[in-house]
Number of protein chains: 2
Amino acid sequence: MTGLREYLDGPHKAARDVVRDGLAAHADLLDEGLRLTRDEYRDQVLEMMQQITADGHTSRGFPKEYGGQGDLGGFIAGFETLAFGDLSLMVKAGVQFGLFAGAILHLGTTRHHDEYLADAIEGRLLGCFAMTETGHGSNVQALGTTATYDPATGEFVIHTPHPAARKDYIGNAARHGRMAAVFAQLVVGGETHGVHCLLVPIRSADGEPLPGVTITDCGPKLGLNGVDNGRLVFDQVRVPRTALLDRYAQVDAKGTYTSEIENPDRRFFTMLGTLVQGRVSIGGAAISASKVALTIAIRYADQRRQFAAPGSSEEVLLLDYRMHQRRLLPLLARTYALHFAQAELAAEFVRIFGGDGEGNDEHDRRALEAQAAGTKAVGTWHATETIQMCREACGGAGYLSENRLAALKADTDVFTTFEGDNTVLLQLVAKGLLTDYRESFGKLDPLGTARFIAGQAVEIAVEKTSVRALVERLRDAVPNRNDKGDPDAGLRDDAYHSGLLRYREEHMLAGVARRLRGGIEAGDDAFEVFNRCQDHVIAAGRAHVDRVVLEAFQAAVQAAPEGEPRERLKELCDLHALATIEGERAWYIEHGRLSGPRSKAIMALVNELCALVRPHAIGLVDAFGVPGAAVDVPMVVPSQHE
Amino acid sequence: MTGLREYLDGPHKAARDVVRDGLAAHADLLDEGLRLTRDEYRDQVLEMMQQITADGHTSRGFPKEYGGQGDLGGFIAGFETLAFGDLSLMVKAGVQFGLFAGAILHLGTTRHHDEYLADAIEGRLLGCFAMTETGHGSNVQALGTTATYDPATGEFVIHTPHPAARKDYIGNAARHGRMAAVFAQLVVGGETHGVHCLLVPIRSADGEPLPGVTITDCGPKLGLNGVDNGRLVFDQVRVPRTALLDRYAQVDAKGTYTSEIENPDRRFFTMLGTLVQGRVSIGGAAISASKVALTIAIRYADQRRQFAAPGSSEEVLLLDYRMHQRRLLPLLARTYALHFAQAELAAEFVRIFGGDGEGNDEHDRRALEAQAAGTKAVGTWHATETIQMCREACGGAGYLSENRLAALKADTDVFTTFEGDNTVLLQLVAKGLLTDYRESFGKLDPLGTARFIAGQAVEIAVEKTSVRALVERLRDAVPNRNDKGDPDAGLRDDAYHSGLLRYREEHMLAGVARRLRGGIEAGDDAFEVFNRCQDHVIAAGRAHVDRVVLEAFQAAVQAAPEGEPRERLKELCDLHALATIEGERAWYIEHGRLSGPRSKAIMALVNELCALVRPHAIGLVDAFGVPGAAVDVPMVVPSQHE
């Protein structure tokens with residue numbers, strides 16, 4: 001489809017193509033996970049990771065003075081492209097270059113940059129990102145590991161006080177990592193200052209665990225078995241004072257703690273906020289994996305025949321069955337929608353973090369974190385759903401490893417719960433909206449919402465989304481007057497679609513705010529108040545992301561090259577919008593936004609749009625530009641789609 | 001929970017306990033899939049399968065004269081229990097004892113029984129069930145393999161005429177099978193008589209493929225890697241005339257084909273119908289796997305804490321969060337519902353096949369096939385959804401193989417598409433209802449529906465489910481008068497629940513019939529007519545199964561021991577019913593069966609019922625009676641739930 005692929009590739013086409021070429025060059029890796037033992041596979045992934053540093057991709061996002069290219073946008077795009085290939089490689093690279101090197105870059109200062117950054121970027125210093133503990137994943141503020149300053153020796157003592165404080169699921173730890181960026185409660189002079197990050201060597205040059213460090217292997221996993229996840233236990237391990245990544249807080253030799261950010265919560269979330277890149281990247285990777293799965297399943301459905309039509313000796317192509325279209329094409333449309341939402345997020349990320357000011361505007365940063373959290377949650381759930389549907393749509397053939405869907409399914413499955421559990425992330429999104437990204441927003445703690453709402457900010461939140469004003473405003477904005485008379489009128493109108501999604505978002509937020517305030521004012525227990533509407537909070541977060549994603553898609557249609565690209569995208573965008581509304585039609589009817597006949601008209605139109613998209617389905621997956629090495633599987637005859 | 005476990009175990013408790021004990025005795029297998037190479041794992045599974053024959057479980061369902069125990073009900077219950085353990089073992093045993101030995105028993109005659117049955121039952125003769133081909137899965141009637149009778153030698157010549165006719169995904173073929181029950185087009189005297197089954201030796205005693213038989217390995221799969229799935233290609237392989245399993249059709253030495261069933265379609269579906277046990281068993285296995293996953297995830301959620309409530313230093317148990325309850329408890333309720341629907345199906349299966357008459361009433365058999373197809377489709381999709389949710393609910397810990405959810409997810413994934421693709425099966429369910437199980441019902445061919453509807457039966461189908469009469473009847477039957485006034489009144493009334501589900505089922509069926517008839521009468525292309533409402537057909541099939549499942553649960557509540565078991569089951573049954581109605585509430589509102597306020601009241605009640613069930617959640621999963629060996633995983637502290 002002329003021009004569509006270029007449009008999708010966007011401004012970072014060159015960075016994407018470097019990774020595409022690399023992927024084609026070492027496509028063997030895609031099979032090796034099946035042939036090799038787990039340790040061999042891990043070593044192979046490490047080798048491959050070190051090879052791709054030579055492509056220049058992995059250093060792209062780092063400052064030039066440390067061997068990087070200062071091209072954050074290209075780095076993000078390249079990482080997204082890397083997810084077309086072996087996902088263990090993508091995750092291992094993410095741990096090394098995104099999380100470990102990223103922590104040094106963002107949380108450290110010149111001393112750390114000078115000492116470690118070039119080695120980390122080039123893959124000579126292999127590192128871990130040791131945040132999660134067995135007892136605490138989402139609630140990072142409650143981590144148990146301690147880093148206690150000993151002024152007598154000028155060292156920090158890193159310690160695991162109890163089994164639940166063991167660092168767990170740490171990538172690069174079980175086999176290859178030499179150093180870990182360890183998140184621990186910083187204790188100075190007997191006072192705890194909250195979670196900070198320190199660089200702790202964990203293995204000697206010959207690969208043996210250092211004294212006091214116990215490393216165990218997490219063992220086999222559902223997927224990503226090319227990544228050596230492990231557990232770290234520290235027994236009074238001493239590191240020099242300079243091991244503290246001290247950009248946001250410093251400890252001097254005498255043991256005086258200083259920080260330019262006085263509020264401990266705000267300090268914590270400022271530090272954590274610099275790590276938003278991980279969520280941006282995982283969301284992008286999930287969307288890429290969905291593209292791979294759809295490319296395979298749609299090509300298969302365009303070749304595989306089953307059951308002859310009456311009066312015909314030739315069997316019917318799977319993709320000509322309505323049910324098959326219904327199962328795959330709305331997911332294709334949503335993948336496009338998420339692609340553009342992700343592109344918008346990545347651009348915003350680069351705007352905020354790519355310049356010299358590096359995220360200085362706190363409101364911008366909080367908003368970016370919420371956008372990243374929302375896109376990550378929706379994108380990764382989308383990948384799980386899409387890959388599952390693709391597997392089923394390919395029947396038994398889809399279950400065989402040789403056809404790649406098995407690995408896609410297994411490898412991406414953890415995306416919904418790592419880099420932030422999706423339900424917790426959607427709470428974070430909703431909370432940001434309720435509090436207009438004020439103060440302690442960013443806190444993953446869901447209970448913080450209730451506490452916060454109990455405080456003074458509730459008036460602002462509720463005023464902002466006051467139901468009565470909202471409904472009146474929306475009554476004018478949403479062109480639902482079409483709902484009377486001809487049920488089909490205006491159904492493909494952009495403003496109608498976004499108006500409905502916006503109405504839902506704001507109505508839900510207002511409802512949540514009202515319920516929270518009502519409960520607190522009635523004197524109910526804060527946890528009870530929050531917990532009663534937790535499902536409502538999460539649904540409101542989701543409604544917000546749905547609206548943002550749709551509007552990103554609509555904007556991309558407007559900006560698309562005239563002619564075929566724009567026409568095809570408009571069809572897909574309508575399909576996506578109407579399938580989304582269809583999925584929530586109960587809510588719209590309950591809230592008087594859809595009549596029964598109009599709701600049925602929308603369902604019928606979704607079917608029609610599927611039929612409209614169907615003849616272009618192959619062109620639409622080809623436009624994703626997934627390299628042949630990643631999608632030429634035995635069950636699909638390649639010649640038919642080249 | 002006193003009495004509940006016994007009630008769930010039902011009349012075949014002894015058969016279940018034999019398998020439970022066996023599972024505890026060879027629990028090692030659950031880890032071995034991770035430690036061993038694929039071939040070692042396969043051999044280990046074979047060894048285990050041969051060991052369990054000693055338990056007497058695998059022979060239980062076979063006639064006493066061949067070493068069996070003539071206890072079909074116990075056999076089915078035991079097989080269901082086997083699915084608590086390693087699923088490769090369950091599938092391998094299913095292939096050997098269910099499919100292979102089952103084909104000999106049901107399609108063969110005394111000669112075959114005498115010669116092979118005892119060896120097959122004891123696991124001495126390892127066999128395959130070679131039905132599916134690369135080019136044809138669901139459309140079995142279109143298989144390409146041929147079995148041509150050569151009167152000169154009195155042999156059948158088995159042949160694979162083209163690559164798409166290769167037998168594919170055949171369990172037991174890649175490594176262990178010695179013989180295959182091969183489904184092939186029977187050609188006698190130049191005339192094709194449709195698909196029949198023949199016993200074809202494929203390997204010599206020393207394990208080498210026999211001349212003319214090419215065996216390849218399907219290689220690694222997403223799961224079930226302890227099963228040696230392979231491909232079989234036949235090059236003019238000769239077998240004696242007696243290799244034809246000739247219960248329903250015979251070929252004499254001179255090459256005369258005879259059958260007591262004249263209509264070839266009916267003959268085909270009669271033969272296939274005897275194999276319904278496979279679908280009954282897989283549906284049961286899927287429900288068992290869901291029980292294992294829920295036992296693990298609910299125990300974890302009752303131990304794992306995250307985020308402290310305001311004013312409390314102790315963090316909150318996951319299962320006390322509303323969202324967590326919402327995610328897990330309706331699935332727990334549906335698992336109970338499916339348990340009872342499966343028990344009803346198994347009892348019906350035993351009634352029809354367990355006696356001497358073996359399925360003589362054709363209408364009964366067709367109805368049983370539809371019930372098995374529906375329960376299999378809904379049960380296996382339920383397993384996929386439930387295990388996925390359990391995995392996510394356990395976060396990163398759920399992704400580690402040591403906690404078992406990974407294997408459950410990977411191993412069960414193929415259940416939705418093997419033993420009949422679920423979408424095709426739901427079409428079959430709908431078709432049976434539309435045609436009242438007449439004549440060619442049973443044909444998986446979806447287009448058969450359109451053709452059939454075009455014929456004389458359409459009047460009967462449409463009359464039977466005439467919309468006008470239906471609506472009038474239902475207006476009286478469904479107690480939706482409560483919908484006015486108090487929106488909560490009667491919401492926990494059994495008749496209200498089943499009335500709503502029944503209304504939906506019959507309304508959808510009537511709608512489908514009307515659309516099909518309308519299209520055909522308008523002279524539209526039959527395929528187009530069918531295809532336009534394929535999604536509607538499938539939804540109608542699903543609506544039927546939902547109603548059957550609910551009514552089975554309601555009947556089980558009525559029959560439960562008084563006191564706690566019945567009280568707990570009633571809560572779960574209400575939760576299941578209302579969550580189902582909630583899921584389809586858009587449809588009910590569109591069709592005037594629910595008002596907006598009542599719909600919201602139902603959602604609120606689902607939340608309340610979750611809270612009501614929550615304190616009993618541990619007791620409710622304990623009642624499944626999953627042996628500790630299958631659920632005592634590192635992330636759950638066993639002492640807390642014993």
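1. Description of the packing of helix α10 (residues 322-353) of chain A against helix α23 (residues 596-613) of chain A
All names here are of chain A. The interhelical angle for the contact between α10 and α23, taken along N-to-C directions, is 85 degrees, at an axis separation of 9 Å. Taken as axis vectors, α10 and α23 run roughly perpendicular relative to one another. Here R322, Q325, R326, L329, P330 and L332 of α10 come into contact with α23, specifically with M603, V606, N607, C610, A611 and V613. Its residues assigned to classes, the contact of α10 with α23 comprises eight nonpolar, two polar and two charged.

2. Considerations on the environment of A:G108
Residue and element names in this part refer to chain A. Note on placement: G108 falls in the loop between α6 (87-107) and α7 (110-121). Residue classification places G108 among the buried residues on the basis of a relative accessible area of 2%. Sequence-wise, G108 and A286 are 178 residues apart; in three dimensions their C-alpha atoms are separated by 29 Å. Not counting the four nearest positions on each side in its chain, G108 is found in contact with A103, H113, L245, D246 and R247.

3. Remarks on the side chain of B:R322
Turning to its location among the elements, B:R322 is positioned in helix α10 (residues 322-353). Despite its burial, B:R322 pairs with no opposite charge, the nearest such side chain being A:D535 at 4.4 Å. Setting aside its immediate chain neighbours within four residues, B:R322 contacts A:R515, A:N531, A:R532, A:Q534, A:D535 and B:N607.

4. Here's the deal with the relation of the copies chain B and chain A
Turning chain B through 180 degrees and shifting it by 0.0 Å along the axis lays it on chain A, with an RMSD of 0.0 Å. What we have between these two chains is a two-fold relation. When C-alpha distances to the rotation axis are compared across chain B, the minimum falls at B:A586, with a value of 2.0 Å. The residues that chain B uses at the interface reappear at the interface of chain A in 100% of cases, marking a shared surface.

5. Some remarks on the interface of chain B and chain A
Across the boundary between the two partners, chain B contributes 80 residues, which contact 80 residues of chain A. Roughly 6,400 Å² of surface becomes buried between chain B and chain A when both sides are summed, with 57% attributable to carbon and sulfur atoms. Ranking the residues of chain B by area buried against chain A places B:F307, B:Y399 and B:E590 at the top, with a combined share of 13%. Inspection of the chain B/chain A interface yields eight salt bridges. Between B:E590 and A:R585 there is a salt bridge whose closest N-O contact spans 2.5 Å.

6. Topic: the packing of helix α21 (residues 564-583) of chain B against helix α23 (residues 596-613) of chain B
Residues and elements named next belong to chain B. α23 packs onto α21 with a crossing angle of 150 degrees between their chain directions and a minimal axis gap of 9 Å. One finds that α21 runs roughly antiparallel with respect to α23. Two packed elements cross with a definite hand, and for α21 against α23 that hand is left-handed. The residues of α23 that touch α21, namely those facing E571, L572, D574, L575, L578, A579, I581 and E582, are I602, M603, L605, V606, L609, C610, L612 and V613. Within the contact of α21 with α23, the residues separate by chemical class into 13 nonpolar, no polar and three charged.

7. Topic: the pattern of salt bridges
Residue and element names in this part refer to chain A. A complete count under the given rule lists 96 salt bridges over all chains for this structure. Across the salt bridge formed by R5 and D9, the nearest N and O atoms sit 4.0 Å from each other. With R5 and D9 both in helix α1 (residues 4-9), this residue pair falls four residues apart, about one helical turn. Judged by relative accessible area, D9 falls into the buried class, the value being 3%. The residue D246 makes a salt bridge to R111 at a minimum N-O spacing of 3.1 Å. Within this pair, whereas D246 is found in the loop between β9 (237-240) and β10 (250-251), its partner R111 is found in helix α7, the two being separated by 135 residues in sequence. The class for D246 is buried, based on a relative accessible area of 11%. Residue R111 is classed as partly exposed on the basis of its relative accessible area of 37%. Within the structure, one salt-bridge network assembled from shared partners comprises R5, D9, K13, D17 and R20.

8. A short note on the packing of aromatic side chains
According to the stated counting rule, one finds 24 aromatic pairs over all chains in the structure shown. Between B:F415 and B:F418, the ring centres sit 5.4 Å apart and the planes meet at 10 degrees, which makes this aromatic pair stacked. For B:F418, a relative accessible area of 25% gives the class partly exposed. What links up through ring pairs into an aromatic cluster is the set A:Y7, A:F340 and A:F553. Just above the ring of A:W587 sits the side chain of A:R504; from NZ or CZ to the centre is 5.3 Å. Taking the ring centre of B:Y503 as reference, the NZ or CZ of B:R593 above it sits at 4.6 Å.

9. Examining the sheet that holds strand β8 (residues 230-234) of chain B
Residues and elements named next belong to chain B. The antiparallel open sheet is built from three strands, whose spatial order is β4-β8-β7. The outermost strands of the open sheet, each flanked by one partner alone, are β4 (167-170) and β7 (213-217). Looking at each pair of strands side by side, their axes are set apart by 20 degrees on average, direction ignored. As paired strands, β7 and β8 are joined by five bridges and run antiparallel to one another. Among the inter-strand pairings, I215 is bridged to a residue of β8, identified as L232.

10. Overview of the pairing of β9(A)
Residue and element names in this part refer to chain A. Of the two faces of β9, only the one carrying V237 and V239 is buried; R238 and P240 on the other face are not. Here four bridges tie strand β3 (residues 155-159) to β9, and the two strands are oriented antiparallel to one another. Bridge pairing in β9 places F156 opposite V239.

11. Examining α21(B)
Between the first and last C-alpha of α21(B) there are 28 Å, a value that for 20 residues agrees with the 28 Å anticipated at 1.5 Å per step. Burial analysis of α21(B) places 14 of its 20 residues in the buried class, the great majority of the element.

12. Some points on empty space enclosed by the protein
Residue and element names in this part refer to chain A. Inspection of every chain in the model, using the stated rule, returns 14 cavities of 30 Å³ or more. Counted as a void, the second largest cavity has a volume near 130 Å³. Residue lining of the second largest cavity: 16 residues in total, with G22, L23, H26, L82 and L89 positioned closest to the centre. Counting only elements with at least two residues in the lining of the second largest cavity, the list comes to α2 (13-25), α3 (29-35) and α4 (38-54).

13. Structural notes on the confidence of the model for chain A
All names here are of chain A. Averaged over all residues, the pLDDT of chain A equals 90, while 90% of them reach at least 70. Residue range residues 454-483 is modelled with pLDDT below 50. Its contacts to residues more than four positions away, or to other chains, number 46 contacts. Predicted complex, confidence summary: ipTM 0.94, pTM 0.94.

14. Things to note about the sheet that holds strand β8 (residues 230-234) of chain A
Residue and element names in this part refer to chain A. With antiparallel pairing, the three strands of this open sheet are ordered in space as β4-β8-β7. Two strands close off the open sheet at either side, each with one partner strand: β4 (167-170) and β7 (213-217). Strand-to-strand twist in this sheet, taken as the mean axis angle between neighbours without regard to direction, amounts to 20 degrees. Bridge count between β4 and β8: two bridges; the pairing is antiparallel. From the neighbouring strand, K167 faces β8, where its bridge partner is L232.

15. Points about the nonpolar core
One finds A:I298, A:L332, A:Y336, B:I298, B:L332, B:Y336 and B:L569 to be the most contacted residues of the largest nonpolar core, which totals 325 residues. Excluding its chain neighbours within four sequence positions, the residues that come into contact with B:I298 are B:L319, B:L328, B:L329, B:L332, B:A617, B:I618 and B:V621.

Criteria and cut-off values
- Residues numbered from 1 in each chain as written.
- Chains lettered and ligands numbered in written order.
- Predicted model: local features only at pLDDT ≥ 70, side-chain atom pairs only at ≥ 80, totals over all residues.
- Heavy atoms only, no water.
- Axes fitted to C-alpha atoms, helices over the stretch in contact; angles between N-to-C directions.
- Helix = DSSP H or I, 4+ residues; strand = E, 2+ residues; numbered from the N terminus.
- Parallel < 35°, antiparallel > 145°, perpendicular 65-115°, else oblique.
- Contact = heavy atoms within 4.5 Å.
- Nonpolar A, V, L, I, M, F, W, Y, C, P; charged D, E, K, R; others polar.
- Buried < 20%, exposed > 50% of the residue type's maximum accessible area, 1.4 Å probe, protein only.
- Lys, Arg positive; Asp, Glu negative; His and termini not counted.
- Salt bridge = Lys/Arg side-chain N within 4 Å of Asp/Glu carboxyl O.
- Least-squares fit on C-alpha atoms with pLDDT ≥ 70 in both.
- Buried area = accessible area lost by both parts, 1.4 Å probe.
- Left-handed = near helix turned anticlockwise from the far one by under 90°.
- Phe/Tyr/Trp six-rings, centres within 6.5 Å; stacked < 30°, edge-to-face > 60°.
- Lys NZ or Arg CZ within 6 Å of the ring centre and 35° of its normal.
- Pairing = 2+ DSSP bridges.
- Expected span 1.5 Å × (residues − 1).
- 1 Å grid on protein atoms, 1.4 Å probe; cavity = no way out; pocket = protein on both sides within 12 Å on 5 of 7 lines; lining within 4 Å.
- Points joined across faces, edges and corners; volume = space filled by probe spheres on them.
- pLDDT = per-residue confidence, 0-100.
- Core = buried A, V, L, I, M, F, W, Y, C linked by side-chain atoms within 4.5 Å.

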